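For reference, the chains in residue letters:
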Amino acid sequence: MAFLMMTGVMFGQTTQWEFDKAHTKIQFTATHMKLSEVAGQFKNYSGTVMTDGEDFTDVRLQLTIQAASIDTDNDKRDGHLKGEDFLAVEKYPEIKFVGESMEKVGDNKYKLKGKLTIRDVTKTETFDVKYMGTINAMGATRAGFKVTGSIDRFDYNVDWDKSFGQGLIVGREIGINADVELMKSK
C-alpha cells in the first residue's frame, strides 16, 4: 500500500504532460480531384494533458490549434484554406479538441473520444490511438502516440464544394494523422 501511495495511484495524484513540439506533428490529408492526396499540418498549437494512472485511460486532454498556422507547403493553397471557403481563420481563429474518454481496446490500442470544434460547430469524434510506449530519456519521462482517423469537413461548415464534373475538387473526408510525443512536466 505504501508503494501505491508513493506512485500516486492510490490517491489519484495527477501527472501533467506537455507536448514535445520538436517531435509532435498534427497533420491532415485531403483528396484532390480523386487523383492524389494533399498533406498539411498545423504548426502552432498548445494544450494540456493530464493523467492519474499509468495507462492513459483516464487522460484529460485539451488541444487548441491556431487555424492560421495551416501549412500545405503551398502559399496560394494555404491562403485559400485560411479564407471563408474553408477555415475562415479571421472569424474562427482556433480549432479545439477536448478529450472525453480514452478506452483501451487492445494491446497498445485505444479509442479517443472527444469534442472537436471547427468554425462554429462542435461535434463528438472518435480517433484511433496507438500507444508507442513510455521511456525515460534525455532528462525526461516521455510517452509516444500515433493518432489517426477522419472527419467529414461538411459537418463543420467547411463545405466549399466546387466540382470538376467527376466529383469534388477537394474531398469531403479529411484524414487525421498526428504523431504525438509527450514529456512529463517537472
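The following paragraphs examine the structure supplied in this document. (Residues numbered from 1 in each chain as written. Predicted model: local features only at pLDDT ≥ 70, side-chain atom pairs only at ≥ 80, totals over all residues. Heavy atoms only, no water.)

**Some points on the pattern of salt bridges**
- Scanning the entire structure with this criterion turns up 8 salt bridges.
- Residue Lys-43 is joined to Asp-71 by a salt bridge in which the shortest nitrogen-to-oxygen separation is 3.1 Å. Pair noted here: Lys-43 is in the loop between strand 3 (36-42) and strand 4 (45-51) and Asp-71 is in strand 6 (residues 70-71), with a separation of 28 residues, a long-range link.
- Lys-146 serves as the salt-bridge partner of Asp-179, at 3.0 Å between the closest nitrogen and oxygen. On the criterion of sequence distance, the pair formed by Asp-179 in strand 11 (residues 170-184) and Lys-146 in strand 10 (residues 140-152) is long-range, its members being 33 residues apart.
- Asp-179 gets classed as partly exposed once you look at its relative accessible area, which sits at 27%.
- The exposure class assigned to Lys-146 is partly exposed, which follows from its relative accessible area of 29%.
- Residues joined in a network through salt bridges with shared partners are Asp-20, Arg-142 and Glu-181. (Salt bridge = Lys/Arg side-chain N within 4 Å of Asp/Glu carboxyl O. Helix = DSSP H or I, 4+ residues; strand = E, 2+ residues; numbered from the N terminus. Buried < 20%, exposed > 50% of the residue type's maximum accessible area, 1.4 Å probe, protein only.)

**Observations concerning unusual backbone geometry**
- The residue Asp-73 is not glycine, and still its phi comes out positive at about 65 degrees.
- Residue placement: Asp-73 occurs in the loop between strand 6 and helix 2 (75-82).
- Exposure remark for Asp-73: the relative accessible area of 74% places this residue in the exposed category.
- A positive phi angle is found at Asn-108, which is not glycine, with a value near 60 degrees.
- Judged by relative accessible area, Asn-108 falls into the partly exposed class, the value being 37%.

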